[in-house]
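# Results of the structural survey
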Amino acid sequence: MTASPSAPSSRAVTVAATQMACSWNRAANVDGVESLIREAAAMGAQIILPQELFETPYFCKDQKQSLFELAAPAEGHPVIERMQVLARELSVVIPVSFFEKARNAYYNSMAMVDADGSLLGIYRKSHIPDGPGYQEKFYFSPGDTGIPVFKTRYATIGCAICWDQWFPETARVMALKGAEILLYPTAIGSEPQDSSIDSQGHWTRVMQGHAGANLMPLVASNRVGMEQGDSCALTFYGSSFIAGPQGEIVAQADRESRMVLTATFDLDRIAAQRASWGLFRDRRPELYGALLTLDGETTPRR
């Protein structure tokens, strides 16, 4: 007699999204992130996502040579080292967003800190936006790390950065590489060229689609507050959220408040659902060559 297959094992992991406003008091900003992380850990969170570039206001509103002084190498970076100590103390995973200087190159980067405080690696933002109020191409080179995933104590996770989230290819690559949770630290809000534009709903739905298309949870952390630059002001709309594996919103913050959100997922059960749904079984990579082109037909010269 053949035994029937056992039910999927259980591996519950609690994730957290955070959001807050930032000022030019850099020490206060880092203190604020530490406070949010401690709150999330007290709520049972094991993987805690702070927002993009939390050490300062979002400085890409203007093109200012002096702001390159904000960048620092990953090795010996004081904020990364502080988060390593905190991660070790609380036994939590912390993706740390920072402005990286690598000799004469500058990147919008994320350092993945594991629950023992070890640094698992660096991801450099792949897609760099350029538009009114979001002039990132002045500061950042396109990332050269590829799109990695990180095997942490609690889960294998992929962490892309803000503008990366508009590209479904990024999420699919992380999923194909074995990610079990998708993370997106962001900084997005008003559009200074047109006050009638409110991208919050669009921003949310695109990431819900990534969660549903890859059948895995997703965490997005954004900032809040109005930040004044020389040429414009941006009002960040928060709305940080956690989505489940069908793209459903399981927790979402408001547009203005400092907040911590948590949700718990059984990753083994989700993996079983992902296998049985067939989304990865039925992929046809041989048909997707157009994705390697800019116009759907012509392969770019290298």
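Residues numbered from 1 in each chain as written. Predicted model: local features only at pLDDT ≥ 70, side-chain atom pairs only at ≥ 80, totals over all residues. Heavy atoms only, no water.

## Details of the side chain of Asp114
Take Asp114: it is sitting in the loop between β4 (105–113) and β5 (119–124). It turns out Asp114 is buried and unbridged, and the closest side chain with the opposite charge, Arg153, is 5.5 Å from it. A polar contact is formed between the side chain of Asp114 and the backbone nitrogen of Arg153, at a distance of 3.0 Å. Filtering out sequence-adjacent residues up to four positions away, Asp114 remains in contact with Ala87, Val92, Val93, Leu120, Lys151, Thr152 and Arg153. (Helix = DSSP H or I, 4+ residues; strand = E, 2+ residues; numbered from the N terminus. Buried < 20%, exposed > 50% of the residue type's maximum accessible area, 1.4 Å probe, protein only. Lys, Arg positive; Asp, Glu negative; His and termini not counted. Salt bridge = Lys/Arg side-chain N within 4 Å of Asp/Glu carboxyl O. Polar contact = N/O pair within 3.5 Å; in protein donor to acceptor, adjacent residues only side chain to side chain. Contact = heavy atoms within 4.5 Å.)

## Here we look at the UniProt feature "domain: CN hydrolase" (unreviewed entry) in the protein chain
Mapped onto the present numbering, the UniProt feature "domain: CN hydrolase" (unreviewed entry) falls on residues 13–267. Helix makes up 22% of residues 13–267 and strand makes up 31%, while its end C-alpha atoms are separated by 7 Å. (UniProt positions renumbered as here; feature names shortened; annotations may be inferred.)

## Regarding the sheet that holds strand β8 (residues 150–151)
Judged by pairing direction, the sheet is mixed, and its six strands sit side by side in the order β8-β9-β10-β11-β14-β15 without closing on themselves. Looking at strand neighbours, the two that pair on one side only are β8 and β15 (249–252), the edges of this open sheet. Alignment of strand β11 (residues 218–221) against strand β14 (residues 241–243), held across three bridges, turns out to be antiparallel. Following the sheet pairing, Ala220 is matched in β14 by Phe241. (Pairing = 2+ DSSP bridges.)

## Points about the packing of aromatic side chains
Under the criterion given, the structure shown has 17 aromatic pairs. A centroid spacing of 5.3 Å and a plane angle of 90 degrees characterise the contact between Phe99 and Phe140, whose relative ring orientation is edge-to-face. Here the residue Phe99 occupies a position in strand β3 (residues 94–102), and Phe140 occupies one in the loop between β7 (134–135) and β8, the gap between them amounting to 41 residues. Judged by relative accessible area, which is 4%, Phe140 ranks as buried. With a centroid separation of 6.3 Å and 50 degrees between ring planes, the pair formed by Tyr139 and Phe140 is classed as tilted. When sorted by exposure, Tyr139 lands in the same class as Phe140, which is buried. An aromatic cluster is built from Phe59, Phe68, Phe99, Tyr106, Phe138, Tyr139 and Phe140, whose rings are joined through pairwise contacts. In this arrangement the basic side chain of Arg124 is found over the ring face of Tyr107, its NZ or CZ atom lying 4.1 Å from the centre. (Phe/Tyr/Trp six-rings, centres within 6.5 Å; stacked < 30°, edge-to-face > 60°. Lys NZ or Arg CZ within 6 Å of the ring centre and 35° of its normal.)

## Side note on the environment of Tyr123
Inspection of the secondary structure puts Tyr123 in strand β5. The buried category is assigned to Tyr123, whose relative accessible area is 1%. For the pair Tyr123 and Met110, spaced 13 residues apart in the sequence, the C-alpha separation amounts to 5.2 Å. Sequence-distant contacts of Tyr123, defined by excluding residues within four places in its chain, comprise Asn108, Ser109, Met110, Thr145, Gly146, Ile147, Pro148, Phe150, Cys159, Ala160, Ile161 and Asp164. Of note is the side chain of Tyr123, whose polar atom sits 2.7 Å from the side chain of Ser126. Engagement of the side chain of Tyr123 in a polar contact is seen with the side chain of Asp164, the distance being 2.6 Å.

## Quick look at unusual backbone geometry
Leaving glycine out, the prevailing phi sign among residues is negative, and the prevailing peptide bond configuration is trans. One non-glycine residue, Ser91, adopts positive backbone phi at about 55 degrees. Position of Ser91 relative to the elements: it lies in the loop between α2 (78–90) and β3. With a phi angle near 65 degrees, Ser239 is a residue other than glycine that sits in the positive phi range. With respect to the helices and strands, the residue Ser239 is situated in the loop between β13 (233–237) and β14. Here Ser239 falls in the buried class, since its relative accessible area comes to 2%.

## Observations regarding the packing of helix α1 (residues 26–42) against α2
One can describe the packing of α1 onto α2 by two numbers: an axis separation of 11 Å at closest approach and a directional angle of 20 degrees. Taken as axis vectors, α1 and α2 run roughly parallel relative to one another. Of the two elements, α1 crosses α2, and the hand of that crossing is right-handed. In this structure, α1 contributes Val30, Asp31, Val33, Glu34, Ile37, Arg38 and Ala41 to the contact, and α2 contributes Val79, Arg82, Met83, Leu86, Glu89 and Leu90. A breakdown of the residues in the contact of α1 with α2 according to their chemical character gives eight nonpolar, no polar and five charged. (Axes fitted to C-alpha atoms, helices over the stretch in contact; angles between N-to-C directions. Parallel < 35°, antiparallel > 145°, perpendicular 65-115°, else oblique. Left-handed = near helix turned anticlockwise from the far one by under 90°. Nonpolar A, V, L, I, M, F, W, Y, C, P; charged D, E, K, R; others polar.)

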